[in-house]
Amino acid sequence: MNVYDGQRIASMLRGRGYTQTDNYADADIIILNTCAVRAKATDKVFSALGRIRAEKKPDALMGIVGCVARESGADAFRRAPELNFVLGPQSYHKLPEILENPDARLFNIDLGGLEKFDEMPQMDASPVVAYIPIQEGCNHCCTYCIVPYTRGREISRPFDDVMRDTVHAANTGAIEICFLGQNVNGYKYTDEKGQTYRLSDLIRATAKLDTIKRIRFTSSYPTEMTDDLIDMFRTEPKLLPFLNMPIQSGSPNVLTKMNRPYTLDLYIDIVDKLKSARPDVQISSDFIVGFPGESDDDFNQTLEIARRIKYINSFSFKYSPRPHTAAALMPNQIPEKIKSARLYELDALLNEIQREFNESCVGRELECLCDGADKTGKYTIYRTPYMQTCIVHIPTDAAPQIAKIKITAANKASLRGEIIGASEL
Ligand code: SAH
């Protein structure tokens, strides 16, 4: 979501004659696009501001947008008096106001919901992978999560608006569409005629667009994985066989305290249904270790479920107490040392499972999408249908955008492959 917000902001400023620079000393405006999900991310923003202040031109405008703006509110100006603007995740469309009035301080952390989508100009051109937000906010209120506070209650965008953005992306360079929402599979929009649209309707309509070859969506809440959506994995070959469906913990106790009221049986049942719709479907998850009250036994159940589901790619985090959340006030907060040890153990297991899956791909032929140069510029990075990184030894300017690749080697982090033909998609 932050990558998308950043692209929108960059496009909006290009429309006003700005170009992008990586060099603080050259910039006329410096924008920190921020995440507040864990305390570390928030702290980084304020230490970065200090460093940037020393490097920037004295009259350059500087400000923060995104969830830290909303989390800190006007306090941000106290912590960093040099800030010119503080704009929340739903008000960054107001950024041009600071260009018109650079001596004022611009502050807006309202939760307007969908207003920004109507007020911003269309993206100038689409990246190859187009992120299309279909929903803002979240109603689940997991007790650890600051998102309902920073991004507000859940609102689904009108179906026609989403499709207008999707068609625009398809016409301006997109090959892959990634639908975005904090609770993306809960998408539900009823129009004035009373017709209700779900994520499955968006996928079906998008699959009809010729230039779009791949479709995915993130992030999904387990119990919102309705049958119509599961069925898309059976009927729409453009939908990637890969799904991020965070389980967070394998302990029913902890899940209850997290306010994630699903049973492991239900979760496993959803995975089984997905696999029967499309046998090669693979799942990724997010995990939180060291949630308040998590015992060794609770943690072992998390290891167990990770082994059972065989997540091919995961993000795991130490629980971080956040303001405006219920879990921050819960008793039995877990000491940092235990959180670190659990994270280490979980990561070792997840890496092992990921390596096994990567190795099982050697010899397969996969349709992959080009994702640019690697750091050295000598090789090209592709993304497999399971979103693995696949390195191909060809210069990026000679690399086809989409190609059939034979996987020749694998390790934990990535695959190696050779292009064996043009894409058949
Ligand atoms: N609904 C979004 C949430 C974004 S946050 C999604 O599913 O992607 C991404 C991940 O950060 C969450 O899935 C969770 O695993 C983790 N997270 C959220 N709040 C956290 C906290 N207080 N401490 C540690 N990790 C957290």
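Definitions and cut-offs
Residues numbered from 1 in each chain as written. Predicted model: local features only at pLDDT ≥ 70, side-chain atom pairs only at ≥ 80, totals over all residues. Heavy atoms only, no water. Helix = DSSP H or I, 4+ residues; strand = E, 2+ residues; numbered from the N terminus. Rg over C-alpha atoms; globule rule 2.2 N^0.38 Å. Buried < 20%, exposed > 50% of the residue type's maximum accessible area, 1.4 Å probe, protein only. Contact = heavy atoms within 4.5 Å. Areas by Shrake-Rupley, 256 points an atom, 1.4 Å probe, with all protein chains shown as cover. Core = buried A, V, L, I, M, F, W, Y, C linked by side-chain atoms within 4.5 Å. Axes fitted to C-alpha atoms, helices over the stretch in contact; angles between N-to-C directions. Left-handed = near helix turned anticlockwise from the far one by under 90°. Nonpolar A, V, L, I, M, F, W, Y, C, P; charged D, E, K, R; others polar. Pairing = 2+ DSSP bridges. Near = heavy atom within 4 Å. Polar contact = N/O pair within 3.5 Å; in protein donor to acceptor, adjacent residues only side chain to side chain. Salt bridge = Lys/Arg side-chain N within 4 Å of Asp/Glu carboxyl O.

1. Here's the deal with the overall build of the protein
Phase 1: Along the protein, the regular secondary structure elements total 14 helices and 19 strands.
Phase 2: Taken over C-alpha atoms, the radius of gyration comes to 22 Å for the protein, in line with the 22 Å a tight globule of 425 residues would show.
Phase 3: The principal-axis extents of the C-alpha atoms in the protein amount to approximately 60 × 55 × 55 Å.
Phase 4: Relative to its 425 residues, the protein shows a buried fraction of 54%.
Phase 5: Contacts in the protein between residues far apart in sequence, at least 24 positions, make up 67% of those at least 6 positions apart.
Phase 6: Looking at the protein as shown, the accessible area adds up to about 18,800 Å², and 50% of this sits on carbon and sulfur atoms.

2. Digging into the nonpolar core
Phase 1: Judged by nonpolar contacts, the single largest core of 65 residues is most densely connected at Phe 179, Phe 217, Met 225, Leu 274 and Ile 283.
Phase 2: Among the elements that take part in this core, helix α12 (residues 264–277) stands out by supplying seven residues, more than any other.
Phase 3: Apart from residues no more than four positions distant in its own chain, Met 225 is found in contact with Asn 185, Phe 217, Ser 220, Ile 230, Phe 233, Leu 243, Met 245, Ile 270 and Leu 274.
Phase 4: Counting 21 residues, the second largest nonpolar core, distinct from the first, contains Ile 30, Cys 67, Phe 77 and Ala 80.

3. As for the packing of helix α8 (residues 159–171) against helix α9 (residues 199–207)
Phase 1: Packing of α8 against α9 leaves a shortest axis separation of 11 Å and a crossing angle of 35°. In this structure, the crossing between α8 and α9 has a hand that is right-handed. On α9, the residues that touch Phe 159, Val 162, Met 163 and Thr 166 of α8 are Asp 201, Leu 202, Ala 205 and Thr 206.
Phase 2: Across the contact of α8 with α9, the residue classes tally to five nonpolar, two polar and one charged.

4. Things to note about the sheet that holds strand β13 (residues 282–289)
Phase 1: Spatially, three strands are ordered β12-β13-β14 in an open sheet, and the strand pairing comes out parallel. Looking at the sheet topology across the chains shown, the edges are occupied by β12 (242–244) and β14 (313–318). Ignoring strand direction, the axes of neighbouring strands in this sheet form an average angle of 15°.
Phase 2: Strand direction decides the pairing type here: β12 and β13, joined by three bridges, are parallel. Its bridge partner lying in β13, Phe 242 is registered against Gln 282.

5. Some remarks on the sheet that holds strand β11 (residues 214–218)
Phase 1: The strand order across the open sheet built from three strands is β5-β8-β11, with neighbouring strands paired in parallel fashion. With partners counted over all chains shown, the strands left at the sheet margins are β5 (129–133) and β11, one partner each. Put simply, the sheet's adjacent strands are angled 20° from each other on average, direction ignored.
Phase 2: Both β5 and strand β8 (residues 176–180) contribute to a ladder of five bridges, which runs parallel. Paired with Ile 132 across the bridge in β8 is Phe 179.

6. Re the site of the ligand
Phase 1: Neighbouring the ligand are 14 residues; Gln 182, Ser 219, Gln 248, Asp 286 and Ser 320 lie closest to it.
Phase 2: Between an oxygen atom of the ligand and a side-chain N or O atom of Gln 248, the distance comes to 2.7 Å.
Phase 3: About the coverage of the ligand: the protein hides 86% of its 530 Å² of free accessible area.
Phase 4: At the level of secondary structure, the elements contributing two or more residues to the shell around the ligand comprise β13 and β14.

7. A look at the environment of Lys 310
Phase 1: On the secondary structure map, Lys 310 appears in the loop between α13 (296–309) and β14.
Phase 2: According to the relative accessible area criterion, Lys 310 is partly exposed, its value standing at 49%.
Phase 3: Sequence separation between Lys 310 and Asp 26 is 284 residues, and the spatial gap between their C-alpha atoms is 47 Å.

8. What to know about the side chain of Thr 150
Phase 1: Note on placement: Thr 150 falls in helix α7 (residues 147–151).
Phase 2: Taking the relative accessible area as the measure of exposure, Thr 150 reaches 0% and is therefore buried.
Phase 3: In contact with Thr 150, not counting residues within four places along its chain, are Ala 36, Cys 67, Arg 70, Glu 71, Pro 89 and Leu 111.

9. With respect to the pattern of salt bridges
Phase 1: Taken as a whole and judged by the stated rule, the model has 27 salt bridges.
Phase 2: Residues Glu 71 and Arg 322 are paired through a salt bridge, measuring 3.0 Å at the closest nitrogen-oxygen approach. A residue pair is termed long-range when its members are at least 10 positions apart, and Glu 71 in helix α3 (residues 67–72) and Arg 322 in the loop between β14 and α14 (336–360) qualify at 251 residues.
Phase 3: Glu 71 gets classed as buried once you look at its relative accessible area, which sits at 16%.
Phase 4: Residue classification places Arg 322 among the buried positions, given a relative accessible area of 4%.
Phase 5: A salt bridge links Glu 294 to Arg 342; the nearest nitrogen and oxygen atoms lie 2.9 Å apart. Of this pair, Glu 294 sits in the loop between β13 and α13 while Arg 342 sits in helix α14, and the two are 48 residues apart along the sequence. The exposure classification of Glu 294 matches that of Arg 342, with both residues buried.
Phase 6: Among the charged side chains, a salt-bridge network with shared partners connects Asp 5, Lys 116, Glu 136 and Arg 151.

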